[in-house]
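Architecture and fold: a report
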Amino acid sequence: MTSIILENIAKSFGGTRVLDGIDLAVASGELLVIVGPSGCGKTTLLRLIAGLEPITSGRLMIGGQVMNDIPHARRGIAMVFQNYALYPHMNVRENMAFALRVAGVGRDRIETAVTRAARLLDLEDCLDRFPRALSGGQRQRVAIGRAIVREPAVFLFDEPLSNLDAGLRGAMRLEIARLKARLSDRTMIHVTHDQLEAMTLADRIVVLAGGRIAQVGRPLDLYERPETEFVARFIGSPAMNLIPATVIAAGAVTRLRLATAEISLARPTPPDLAGAEVNLGVRPEHLFPSGGPGLVAGRVDVVEALGEVSLIHLGGITAKLAGTRQDLGGQTLRLSADPAHLHLFHRGRSVMSHLPLG
Amino acid sequence: MPEALTLAAATMLSVLFTCVAWVWGANRMLDLIWPATGRRAGRNSARAGLIRPWLFLGPALVFMGLYLVWPVLRTGWLALHDATGARFVGLENLRWLASDARLYEALGNSLAWLLVVPAVSTALGLIAAVLTDGLRWGVLARAVLFMPMAISFVGAAVIWKFIYAFTPEPAPEIGLLNALVTAAGGAPQAWLTRAFVNDLALMVVVIWMQTGFAMVILSAALRAVPEETLEAARLDGAGPWTIFTRIQVPQIRGTLAVVWTAITIMVLKLFDIVFVMTNGQWGTQVLANLIYDWMFRGSPDAGRGAAVALVLMALVTPLMIWNIRAALREERA
């Protein structure tokens, strides 16, 4: 039953402000994923919550208690580090038992806790081995086990999967999802730059950009209703296409002039938008070839056939079409999309109200 | 002076020239004898390939043998002969050694040195490494602590001889230590002639010199300890002392052992400090100084000197092997 509340948190290193105006409420038992490009401050934010870095200004509350100046050991949190940070001179059992031994917990209780964690993480055969004799995936599980034995109210994961190869990463992602299901009353904050990890694991996602929160929402919220161009392009792969357009008429019905045609959208925009230069956003998977004028037209430069889908590139636009479409190479193509899947951005911000979520 | 410089330069050039000439000439010779052409090209080049490494290694092996292996063998030979090396006496020297009180005094002192100096130097070095780490003026503190390493043992001994100096009345005292003692209301002491105290006084000099060495090596090792393991330990609830004793020190165990044994070996071979400060008198004799005494002083006895040298070698060798192995292991890890 531990919520985390961040109020107007800021962090500076020397004169450099790396986090600014962070307001965030993490519900008890929630798995929140923080994503963002490198250097956006996501790891720093996690370290502030962990207490590894002092907070420059703002208020951090964990479980209803202000934690700014509470030492990390008493915050009731455990952290899993990107490069595992296992103690190389201790075997797996000692690694997992260390926190409890420091806390002066009795031998029997330590043994029970370690055994239970080892069973949960399938590490029973490795308990007497040293970290250097473990594979990457096993090390990662030991790091998680070390967090589990302490029975913390809050788990912090700092890019725990980024040092694993692709196959193992998928497996470990599933394992974290299972862990979350088993420890459903624990609050977890997971930092990653991998949007696939974010989409699959998160109850909610925080997109961080340049030290500020760009958007918070459920994974599909972010996918379907991005509030900014940045979020629109950060979530989803390949990134959303942006097509320059001019607003001819705004209001209840929006009319846009594109390079190919003029289109009408039965979706409201602010009336003062008329005449503005905007970007029409459409995801590659929502584009399809059409007989009409379409949204974009051009000659196909490259076709990347991935088997189940093909990525078609024309000009700067990417379309994701089902099946193998190498036949489209070199052809002139017109692409269109369902108006429900279109986004409109003015100066980087979404200006067209979205349809209610189905 | 200019002649000396010219001579040195000429020597260096001629050595360089000789080296190049040897490598080039030997290689050329080999190619002439077994040319890698014609009908037997394969066999010839295989044969030349067997010999080539030895040709290149040859000079180095000769000099190594001359300056490292030969003295060892010669020492062994001397130990089996009489004072002038003229007459074979078998194990007579060793038998004499076994009943020599001065050997036992030296061995006893060496043991005391072994117990105190490596432990204290390593411990102080470790403490200095930890304390100076992360301090803004840590670099300066480290430089000051390391400086004694740049002084020769003889220089250090002379400096400390002044510190321990004692002048009988009525001449004024010049020793720093006695100045402190008298300032505190005590009577000046002749530090270097008092048994036991003088041993400690000599050990202090070596500790003063070796702490900097230990500190530099250990501080490098401490920095190599992954920062994340320390942070993980902090999150695991460990305080600074627990982190130091259970996370940092265990991770630099290997380096600690290497530093420890390096100082141990140095201490076993210790000569200069004792020679300059007390010359082994007043109960401060150590093995190396004893060797020197027998070899070169009074009526020299090469046999007995060599016998003592063998004892020293027997003590140092196992440590040396262990130290080299540990260092190699560290390097690989």
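Listed under Sequence similarities (unreviewed entry) in UniProt, the entry text for chain B is "Belongs to the binding-protein-dependent transport system permease family." Recorded in UniProt under Subcellular location (unreviewed entry), the annotation for chain B is "Cell membrane".

What UniProt states about chain A under its Sequence similarities (unreviewed entry) heading is, verbatim, "Belongs to the ABC transporter superfamily."

**Here's the deal with the overall build of chain B**
When its secondary structure is counted, chain B shows 14 helices and zero strands. Ordered by position from the N terminus, the helices and strands of chain B form the series α-α-α-α-α-α-α-α-α-α-α-α-α-α. For 333 residues, the compact-globule estimate of 2.2 N^0.38 gives 20 Å, and chain B exceeds it by more than 25% at 27 Å. With the C-alpha coordinates of chain B rotated into their principal frame, the extents come out at 95 × 70 × 50 Å. Burial statistics for chain B: of 333 residues in total, 37% are counted as buried. Counted over contacts in chain B with a minimum sequence separation of 6, partners at least 24 positions apart contribute 67%.

**A few points about the pattern of salt bridges**
Inspection of every chain in the model, using the stated rule, returns 23 salt bridges over all chains. Where Glu151 of chain A meets Arg116 of chain A, a salt bridge forms, and the shortest distance between an N and an O atom there is 3.6 Å. Here the residue Glu151 of chain A occupies a position in the loop between α4 (136-148) and β7 (154-158), and Arg116 of chain A occupies one in helix α3 (residues 107-120), the gap between them amounting to 35 residues. The exposure class assigned to Glu151 of chain A is partly exposed, which follows from its relative accessible area of 49%. Classification of Arg116 of chain A as partly exposed rests on a relative accessible area of 48%. Asp236 of chain B is paired through a salt bridge with Arg150 of chain A; the nearest N and O atoms lie 3.6 Å apart. Of the two residues, Asp236 of chain B sits in the loop between α9 (227-235) and α10 (240-251) while Arg150 of chain A sits in the loop between α4 and β7, which places them in two different chains.

**A closer look at the interface of chain A and chain B**
Taken together, the contact pairs 22 residues of chain A with 16 residues of chain B. Carbon and sulfur atoms supply 61% of the area buried between chain A and chain B, which totals about 1700 Å² over both sides. Interface area lost by chain A to chain B is led by Tyr87, His89 and Phe98 of chain A, which between them contribute 30%. Across the chain A-chain B interface, the total number found is two salt bridges. Scanning the region where chain A abuts chain B turns up six residue pairs in polar contact (both at pLDDT 80 or more). For the side of chain A that touches chain B, the elements supplying multiple residues, two or more each, are α1 (42-50), β6 (77-80) and α2 (92-102) of chain A. In terms of residue count, α2 of chain A provides more of the side of chain A that touches chain B than any other element does, four residues in total.

**Section: the sheet that holds strand β18 (residues 317-322) of chain A**
Spatial strand order, β15-β19-β16-β17-β18 (chain A): five strands in an open sheet with antiparallel pairing. Of all the strands in the sheet, just β15 (288-289) and β18 of chain A have a single pairing partner and so form its edges.

**Some words on α10 of chain B**
The end-to-end C-alpha separation of α10 of chain B is 15 Å, in line with the 16 Å expected for twelve residues at 1.5 Å each. All of the buried residues along α10 of chain B are Thr242, Ile243, Phe244, Ile247, Gln248, Val249 and Pro250 of chain B. Of the surrounding secondary structure, the elements contacted by the buried residues of α10 of chain B are α2 of chain A together with α4 (101-132), α8 (197-224), α9 and α11 (253-268) of chain B.

**Structural notes on the side chain of Glu231 of chain B**
Position of Glu231 of chain B among the secondary structure elements: in helix α9. The contact partners of Glu231 of chain B, leaving out residues within four places of it in the chain, are Arg47, Leu52 and Phe81 of chain A.

**Here's the deal with the domain arrangement of chain B**
All names here are of chain B. Domain annotation for chain B reports domain 1 (2-78) and domain 2 (94-332). Between domain 1 and domain 2, the C-alpha centre-to-centre distance is 40 Å. Contacts between domain 1 and domain 2 engage four residues on the former and seven residues on the latter. Both faces considered, domain 1 and domain 2 share a buried interface measuring about 360 Å² in area, 88% of it formed by carbon and sulfur atoms. Summed over the shared surface of domain 1 and domain 2, the number is zero salt bridges. For the pair domain 1 and domain 2, the interface holds zero residue pairs in polar contact (both at pLDDT 80 or more). Within the side of domain 1 that touches domain 2, the residues separate by chemical class into two nonpolar, two polar and no charged.

**Some details on the environment of Leu321 of chain A**
Among the structural elements, Leu321 of chain A can be located in strand β18. Those residues in contact with Leu321 of chain A that lie beyond four places of it in its chain are Leu287, Phe288, Pro289, Val309, Ser310, Ile312 and Leu328 of chain A.

Conventions adopted
Residues numbered from 1 in each chain as written. Chains lettered and ligands numbered in written order. Predicted model: local features only at pLDDT ≥ 70, side-chain atom pairs only at ≥ 80, totals over all residues. Heavy atoms only, no water. UniProt positions renumbered as here; feature names shortened; annotations may be inferred. Helix = DSSP H or I, 4+ residues; strand = E, 2+ residues; numbered from the N terminus. Rg over C-alpha atoms; globule rule 2.2 N^0.38 Å. Buried < 20%, exposed > 50% of the residue type's maximum accessible area, 1.4 Å probe, protein only. Contact = heavy atoms within 4.5 Å. Salt bridge = Lys/Arg side-chain N within 4 Å of Asp/Glu carboxyl O. Buried area = accessible area lost by both parts, 1.4 Å probe. Polar contact = N/O pair within 3.5 Å; in protein donor to acceptor, adjacent residues only side chain to side chain. Pairing = 2+ DSSP bridges. Expected span 1.5 Å × (residues − 1). Domains from an automatic or database assignment. Nonpolar A, V, L, I, M, F, W, Y, C, P; charged D, E, K, R; others polar.

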